[in-house]
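One letter stands for each residue in the lines below.
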Amino acid sequence: MLKDYFLMAINSIRHRKLRSWLTVIGIIIGVATIISLIIVSRSLESTIEAQFEKFGANRILISPKGFQGPGSASEGLTTKDLEAVEKISGFEYVIPWVFVSTEVRYKDQVGFTIVSGIPAENYEEFSVDSGVELQEGRWIEEGDKFEAIVGSRVVEDMFDRPLRLGNKIEIEGEEFRIIGIYKETGNSQDDNQISIPLETARDIFNKPDDVDGIVAQVKNPDDIPALQEKIEDELEDERGDTNFQVVTATQILENINEVLGIIQFVLVGIAAISLVVGGIGIMNSMYTSVLERTKEIGIMKAIGAKNLDIFEMFLIESGLVGLVGGLFGTLLGTGIALFIGRIATNSGFLLNIKIEVVVLLFGLFFAFFVGILSGVLPALQAAKLRPVKALRYE
């Protein structure tokens, strides 16, 4: 019986192609929007998690309060704060970091990027722990002064001619020889950076005591909460204020995921409005179908069809419209997400689009559910028609 209803639903849709497709388009738009937003937001979340895994979960980050990352204004930390953290046991190493957004010259051309200074003696160890790799060349070593490692985008995009190992670039009036090139990460900030020895950075940028950030590598991950508390107490005693923040990579990731979750909820909620509009379109189309097929309903009841049979017939038809819209909408939404991922990658923003079967199935079943829900009232109206009145309907 259900098979017969299914075939009748297909025939009904085929006989009013234009109206059916206009109805389906509303569902396609709604589902495509929702699926693309979910895929992009979940992919962004997994990309950020992957980046933090590379950076290291066993790290505690100390920075001025309100610090937003390399290149942002940061005041408050000094070498005294560094010394206070170094006194605490339980770390493999404690590294100060200096960031400056500055002008970089190569021959007669000028570019602007972030130059970071890290202690030469810890450079390779810190970089390897951070998951950073070299495409070619070597790491900064103890004794280096005017040597630099540059990101892949600095090499290819900053100047008219690509940079090579051995080329010299000018930073704050000093020449630096390129000894290494970072492997491309897909993160524009990382791929555009230039790294030099910390002491040299302090000299050329006139930052003898300033520290933009401190990274403390923990020996035992279980000690992170206790060490975090010790750092906060030690710095507060040393400084006499709380103009600093001590966070772990896990905490930063949790905060980011919380924000992404709220954004995802809001965006999907907005996109769902279009799906509701599509559902109203299905309802309107089904009401019209009931009117057009009133005499047909009367004949079916006259030869023995029950109210439940009529109800199921129209419900299957509305569900089928929703399912078709869900199928095309899911495919379109996946395509949009992949397109966004490609644009992001070409723009220098790392975004690995991850297609999840669960998300695709959600799109299909959600559209089917909307179709069924939208068809309930028209199906009830059809089921309640009296055979005599239905047969007299013109």
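The rules we used
- Residues numbered from 1 in each chain as written.
- Predicted model: local features only at pLDDT ≥ 70, side-chain atom pairs only at ≥ 80, totals over all residues.
- Heavy atoms only, no water.
- Phe/Tyr/Trp six-rings, centres within 6.5 Å; stacked < 30°, edge-to-face > 60°.
- Patch = residues over 30% accessible without salt bridge, like charges linked within 9 Å, V, L, I, M, F, W, Y side chains within 5 Å.
- Areas by Shrake-Rupley, 256 points an atom, 1.4 Å probe, with all protein chains shown as cover.
- Salt bridge = Lys/Arg side-chain N within 4 Å of Asp/Glu carboxyl O.
- Helix = DSSP H or I, 4+ residues; strand = E, 2+ residues; numbered from the N terminus.
- Contact = heavy atoms within 4.5 Å.
- Buried < 20%, exposed > 50% of the residue type's maximum accessible area, 1.4 Å probe, protein only.
- Axes fitted to C-alpha atoms, helices over the stretch in contact; angles between N-to-C directions.
- Parallel < 35°, antiparallel > 145°, perpendicular 65-115°, else oblique.
- Left-handed = near helix turned anticlockwise from the far one by under 90°.
- Pairing = 2+ DSSP bridges.
- Core = buried A, V, L, I, M, F, W, Y, C linked by side-chain atoms within 4.5 Å.

1. Quick word on the packing of aromatic side chains
No. 1: Tallied over the full model, the rule gives 6 aromatic pairs.
No. 2: Members of the aromatic cluster, joined through ring pairs, are Trp-97, Phe-99 and Phe-126.

2. A few points about a nonpolar patch on the surface
No. 1: Where nonpolar side chains cluster on the molecular surface, the patch consists of Val-259, Ile-262, Ile-263, Phe-265, Val-266, Leu-267, Ile-270, Ile-273 and Val-277 and spans about 870 Å² of accessible area.
No. 2: With respect to the secondary-structure elements, Ile-263 resides in helix H9 (residues 249-292).

3. Points about the environment of Ala-379
No. 1: Here Ala-379 is to be found in helix H12 (residues 357-383).
No. 2: Expressed as a C-alpha distance, the spacing of Ala-379 and Glu-312, which sit 67 residues apart in the sequence, is 7.4 Å.
No. 3: Excluding residues within four positions of it along the chain, Ala-379 makes contact with Phe-311, Phe-314 and Leu-315.

4. A closer look at helix H3 (residues 79-86)
Along an α-helix, residues three or four apart share an orientation, since each turn contains 3.6 residues.
No. 1: Those residues of H3 that fall on the buried side of the exposure criterion are Thr-79, Asp-81, Leu-82, Ala-84 and Val-85.
No. 2: Where H3 is buried, its residues contact strand E1 (59-64), strand E2 (91-106), helix H7 (198-204), strand E9 (213-218) and helix H8 (224-239).

5. Focus: the packing of helix H10 (residues 294-302) against helix H11 (residues 307-346)
No. 1: The geometry of H10 relative to H11 is characterised by a closest axis approach of 10 Å and an angle of 140° between their N-to-C directions. In terms of orientation, H10 and H11 fall into the oblique class. The crossing of H10 and H11 is right-handed. Facing Ile-297, Met-300 and Lys-301 of H10, the residues of H11 in contact are Asn-307, Ile-310, Met-313 and Phe-314.

6. Focus on the pairing of strand E5 (residues 147-150)
For a regular strand, side chains alternate in direction, first toward one face of the sheet and then toward the other.
No. 1: Residues Glu-147 and Ile-149 of E5 are buried on one face, and the alternating residues Ala-148 and Val-150, pointing to the opposite face, are buried as well.
No. 2: The pairing of E5 with strand E7 (residues 174-182) spans 4 bridges and is classified as parallel. Across the sheet, residue Val-150 finds its bridge partner in E7, namely Ile-181.
No. 3: Inspection of the sheet shows E5 paired to strand E8 (residues 194-197) by 2 bridges, in the antiparallel sense. Note that in E8 the partner of Ile-149 across the bridge is Ser-195.

7. As for the nonpolar core
No. 1: Residues Ile-27, Ile-310 and Phe-314 are the most contacted members of the largest nonpolar core, which totals 36 residues.
No. 2: Those elements giving two or more residues to this core turn out to be helix H2 (17-55), H9, H10, H11 and H12.
No. 3: Considering each element in turn, this core owes the most residues, 11 residues, to H2.
No. 4: If you look at the next biggest cluster of nonpolar residues, it comprises 23 residues, including Phe-159, Ile-169, Ile-181 and Leu-198.

8. A closer look at the pairing of E8
No. 1: The pairing of strand E3 (residues 109-118) with E8 spans 4 bridges and is classified as parallel. When the sheet's bridge partners are listed, Ser-116 is paired in E8 with Ser-195.

9. Points about the side chain of Ser-116
No. 1: Relative to the helices and strands, Ser-116 resides in strand E3.
No. 2: With a relative accessible area of 1%, Ser-116 lands in the buried category.
No. 3: Beyond its immediate sequence surroundings of up to four residues, Ser-116 is in contact with Trp-97, Val-98, Phe-99, Gln-193, Ile-194, Ser-195 and Ile-196.

10. A few points about the pattern of salt bridges
No. 1: Scanning the entire structure with this criterion turns up 10 salt bridges.
No. 2: Glu-356 is the salt-bridge partner of Arg-42, the closest N and O atoms lying 2.5 Å from each other. With a gap of 314 residues between them, Arg-42 in helix H2 and Glu-356 in the loop between H11 and H12 connect regions that are remote in the sequence.
No. 3: Looking at Arg-42, the relative accessible area reads 38%, which means it is partly exposed.
No. 4: As a salt-bridge pair, Arg-105 and Glu-103 come within 3.1 Å of each other at their nearest N and O atoms.
No. 5: According to the relative accessible area criterion, Arg-105 is partly exposed, its value standing at 31%.
No. 6: According to the relative accessible area criterion, Glu-103 is partly exposed, its value standing at 31%.
No. 7: By sharing partners, the salt bridges in this structure join Asp-81, Arg-239 and Asp-241 into a single network.

Just geometry here; none of it tells us what the structure is for.
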